[in-house]
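Coordinates in review
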Amino acid sequence: MGAELLEFKTTPVGEINSTVERIRQTFWTAKTRNVQFRIKQLRKLYWAIEDNKQLILDACKKDLGKGFFETMIAEIAWVQNDIIYVTNNLAKWCKDESAPDISLANKFMRPKIRKDPLGMVLVIGAFNFPLQLSFGPMVGAISGGNTVILKPSENSPRSAMVMQKIMQESLDPDCYTCIQGSIPEMKVLLEEKWDKIFFTGSATVGKIITKAAAPHLTPVVLELGGRNPAIVTRKADVALAARRLLWAKTMNAGQVCISHNYTLVDKEVLDQFVEELKRGLTEFFPKGAKASEDYGRMVNTGSFNRVKKMLDGTTGKIVAGGTVDAEDLFIEPTVIVITDTEDSLMRDESFGPLMPVLGVDNLDQAIHIANKTHETPLGVYAFGSKDETDKVLASTRSGGASINDGMFHGTIGTLAFGGVGDSGSGSYRGKASFDTFVHHRSITHTPGWIESMLKARYPPFAGTNKYGQLSKMLLQKPNFDREGNQKLGWITWIFTLGTGGYFRGASRALILAGMAVLIRVLMDRRTMNGILGKD
Ligand SMILES: NC(=O)c1ccc[n+]([C@@H]2O[C@H](COP(=O)([O-])OP(=O)(O)OC[C@H]3O[C@@H](n4cnc5c(N)ncnc54)[C@H](O)[C@@H]3O)[C@@H](O)[C@H]2O)c1
Ligand SMILES: CC1=C(/C=C/C(C)=C/C=C/C(C)=C/C=C/C=C(C)/C=C/C=C(C)/C=C/C=C(\C)C=O)C(C)(C)CCC1
């Protein structure tokens, strides 16, 4: 018989400080500095995930109604892929890097960058992709050589317990451990001094974390949410846009931080877009979303009520879906045509399967509304001609963007991921995860034999020419004039023929050569004509 899901059990508050202290002390033993140790731990984690695959599938089903495909692709295989990628590259990433742009004089000191562990870090997970958003950052933290405490979200309780089991089965408990709980346990954790806190969740809690970190000057990575716009112009492939956006909104029943919160559609293609969304819904869920094994549920009654309230508050018209079932925590994928930018569906992040669609007159209006709704969302999704999508990118800000798709950029596991402004700060995934969890430590070695050449740095300076000697070695000359224009050195002038650019210089040289050949040919013809007496 397979293993059973465990009941959620909070870590006793009285145990938290001593656990933290144990994890802190382990860092000082330097055990996690050893790169091979880190790789082995990550490989063990990989196999423990594999061995607990069925439990993870069961837990995600119970917690969020997640089907096999979504749990495999965005949780289990996602984290396993990450582990393989990280373990394949870690030895290379950990090597000291020679520092760039070092002057000849300073090269003797062999400046380099060492990727140093930060120390003891706290990873706080969110409920919607319980494994991905907890183990993902934790893999980065382990790869960086840190000791780690993971606090999964209590709102996906079965998944949280499976993660604890996996950690206990695979990882060194003195280096990496899991603490379960909610606000009371978080309060105790946040009183501790961490070397970094990695938080995924809401902006409201993000502020609490940041405030708690401030007295210790602990750096914080914030992976928050946003009211992400999708924009569809009249030049877009409307059917394709509808299908892709439907995919981005029905995954995990819309509980995805990077899915679009609303869609701005050119009025000329609004009806067609809505029809294509309806067509897509019957294609994705032929027997209806409720009967589909693939379609998820709201995580709990609180979330269900919140999303339902947003739907109840709209002044728009429901044109597809709209059914809900509180017992089952089910909310049908719902398309609502709205007419007001202040609609309840625009004011907040829905984090549910609601698809408000607002007609706009043109792209400029769409951009204006998007920027007014949220200046710095997590994602922007634009469908239209190249010029139009370029314009959207150039006139908006966001953590990431997918052109001609919904949230695609967020599905590439090796692409750096993060928010901007109030949708978050810091990034991770792939190599970015490693970089987030190490300190780039600059190191020099000054050889003894160079002392006589470095003597000019020591006082006394007054009455000596030490500054003159050193400045010859160290100071650079400006290559620009007082107007900010670039000045050309004579070597550059020769190679660029005064154009300032090598390509333009080469073009000018070709033209000059062509003219010289032409003059030569003309002169030769005149000479020949003279000889032949043709003049
Ligand atoms: N940028 C991302 O990668 C990303 C990913 C998933 C979710 N999100 C965002 O997160 C939100 C939904 O996730 P959620 O409900 O799990 O977020 P949440 O902020 O409620 O919870 C996240 C974590 O914070 C802890 N927490 C909750 N209240 C706390 C408090 N008062 N003090 C200290 N800790 C507390 C929880 O235990 C949990 O582990 C949405 O806004 C969504 O956009 C962002
Ligand atoms: C196979 C060939 C090709 C390429 C095909 C490609 C690129 C297929 C891609 C398929 C995809 C993207 C499937 C869907 C995957 C869904 C994933 C991974 C979901 C991830 C969810 C995430 C990360 C959620 C995150 C949530 C967060 C952060 C917050 O809430 C071609 C086209 C090259 C041709 C040859 C064959």
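Worth saying up front: this structure is predicted, and the values here are computed from it rather than measured. (Residues numbered from 1 in each chain as written. Chains lettered and ligands numbered in written order. Predicted model: local features only at pLDDT ≥ 70, side-chain atom pairs only at ≥ 80, totals over all residues. Heavy atoms only, no water.)

**With respect to the UniProt feature "domain: Aldehyde dehydrogenase" (unreviewed entry) in the protein**
According to UniProt, the "domain: Aldehyde dehydrogenase" (unreviewed entry) feature falls on residues 11–442. With 45% helix and 17% strand, residues 11–442 has end C-alpha atoms that lie 40 Å from one another. (UniProt positions renumbered as here; feature names shortened; annotations may be inferred. Helix = DSSP H or I, 4+ residues; strand = E, 2+ residues; numbered from the N terminus.)

**Observations regarding the confidence of the model for the protein**
The pLDDT averaged across the protein works out to 95; a share of 98% of its residues lies at or above 70. Overall fold confidence (pTM) sits at 0.92, and the ipTM for the predicted complex is 0.95. (pLDDT = per-residue confidence, 0-100.)

**Quick notes on the site of ligand 1**
Near ligand 1 lie 26 residues; those nearest to it are Lys 151, Glu 154, Ser 202, Leu 224 and Glu 349. Here an oxygen atom of ligand 1 sits 3.3 Å away from a polar atom, N or O, in the main chain of Phe 127. Separating a nitrogen atom of ligand 1 from a backbone N or O atom of Leu 224 is a distance of 2.6 Å. Of the residues belonging to the shell around ligand 1, the class tally is 15 nonpolar, seven polar and four charged. When residues of the shell around ligand 1 are assigned to domains, at least three map to each of domain 1 (18–224 + 431–441) and domain 2 (229–410). (Near = heavy atom within 4 Å. Polar contact = N/O pair within 3.5 Å; in protein donor to acceptor, adjacent residues only side chain to side chain. Nonpolar A, V, L, I, M, F, W, Y, C, P; charged D, E, K, R; others polar. Domains from an automatic or database assignment.)

**Here we look at the packing of aromatic side chains**
Tallying each qualifying case throughout the model produces 12 aromatic pairs. Each ring, one from Trp 93 and one from Phe 434, has its centre 5.5 Å from the other, and the planes form 35 degrees; the classification is tilted. Of this pair, Trp 93 sits in helix H4 (residues 68–94) while Phe 434 sits in helix H16 (residues 431–436), and the two are 341 residues apart along the sequence. Considered together, Trp 93 and Phe 434 belong to a single accessibility category, that of buried residues. Note on Phe 417 and Tyr 428: the rings are 6.3 Å apart at their centroids and 75 degrees apart in plane angle, and the pair reads as edge-to-face. On the criterion of sequence distance, the pair formed by Phe 417 in the loop between strand S16 (400–403) and strand S17 (424–425) and Tyr 428 in the loop between S17 and H16 is long-range, its members being 11 residues apart. When its relative accessible area of 7% is taken as the criterion, Phe 417 is described as buried. Accessibility expressed as a relative area gives 3% for Tyr 428, which makes it buried. Every member of this aromatic cluster is reached through a ring pair, and the members are Phe 198, Phe 417, Tyr 428 and Phe 437. (Phe/Tyr/Trp six-rings, centres within 6.5 Å; stacked < 30°, edge-to-face > 60°. Buried < 20%, exposed > 50% of the residue type's maximum accessible area, 1.4 Å probe, protein only.)

**So, the site of ligand 2**
The full set close to ligand 2 counts 15 residues, and Trp 78, Asn 128, Gln 132, Cys 257 and Gly 410 are the nearest of them. At 2.8 Å, a side-chain N or O of Asn 128 approaches an oxygen atom of ligand 2. For ligand 2, whose unbound accessible area comes to 890 Å², protein coverage reaches 54%. Of the residues forming the shell around ligand 2, the biggest block, three residues, is contributed by H4. For the shell around ligand 2, the class distribution of residues is 10 nonpolar, four polar and one charged. (Areas by Shrake-Rupley, 256 points an atom, 1.4 Å probe, with all protein chains shown as cover.)

**As for the environment of Tyr 176**
Take Tyr 176: it is sitting in strand S5 (residues 176–178). The class of Tyr 176 is buried, set by a relative accessible area of 2%. Taking the C-alpha atoms as reference, Tyr 176 lies 9.8 Å from Val 121; in sequence the two are 55 residues apart. Here Tyr 176 is in contact with Ile 23, Thr 32, Phe 37, Gln 41, Ile 142, Asn 146, Thr 147, Val 148, Met 167 and Leu 171, once residues within four sequence places are set aside. (Contact = heavy atoms within 4.5 Å.)

**Observations concerning the environment of Gly 316**
Of note, Gly 316 is situated in the loop between helix H12 (301–312) and strand S10 (317–320). Separated by 20 residues in the primary sequence, Gly 316 and Ile 336 place their C-alpha atoms 6.0 Å from one another. Contact partners of Gly 316, with chain neighbours within four places excluded, come to Ile 336, Val 337, Ile 338 and Asp 343.

**Re the UniProt feature "active site" (unreviewed entry) in the protein**
The feature "active site" (unreviewed entry), as annotated in UniProt, sits at Glu 223 and Cys 257 in this numbering. These annotated residues cover 35 residues of sequence, and their C-alpha atoms all fall within 9.2 Å of one another, placing them together at a single site. With near-sequence residues (within four places) excluded, Glu 223 lies in contact with Phe 198, Phe 199, Thr 200, Gly 201, Phe 417, Gly 418, Gly 419, Ser 423, Gly 426, Ser 427 and Tyr 428. The buried category is assigned to Cys 257, whose relative accessible area is 18%.

**Notes on the pairing of strand S7 (residues 220–223)**
Looking down a regular strand, the side chains alternate between one sheet face and the other. Across four bridges, the pairing between strand S6 (residues 196–200) and S7 is parallel. Across the sheet, Ile 197 pairs through a bridge with Val 220, a residue of S7. With helix H9 (residues 203–213) bridging S6 and its parallel neighbour S7, the resulting β-α-β unit is right-handed. As paired elements, S7 and S17 share two bridges and run antiparallel to each other. Directly across from Leu 222, in S17, lies its bridge partner Ser 425. (Pairing = 2+ DSSP bridges. Right-handed = clockwise from strand over helix to strand, strands pointing away.)

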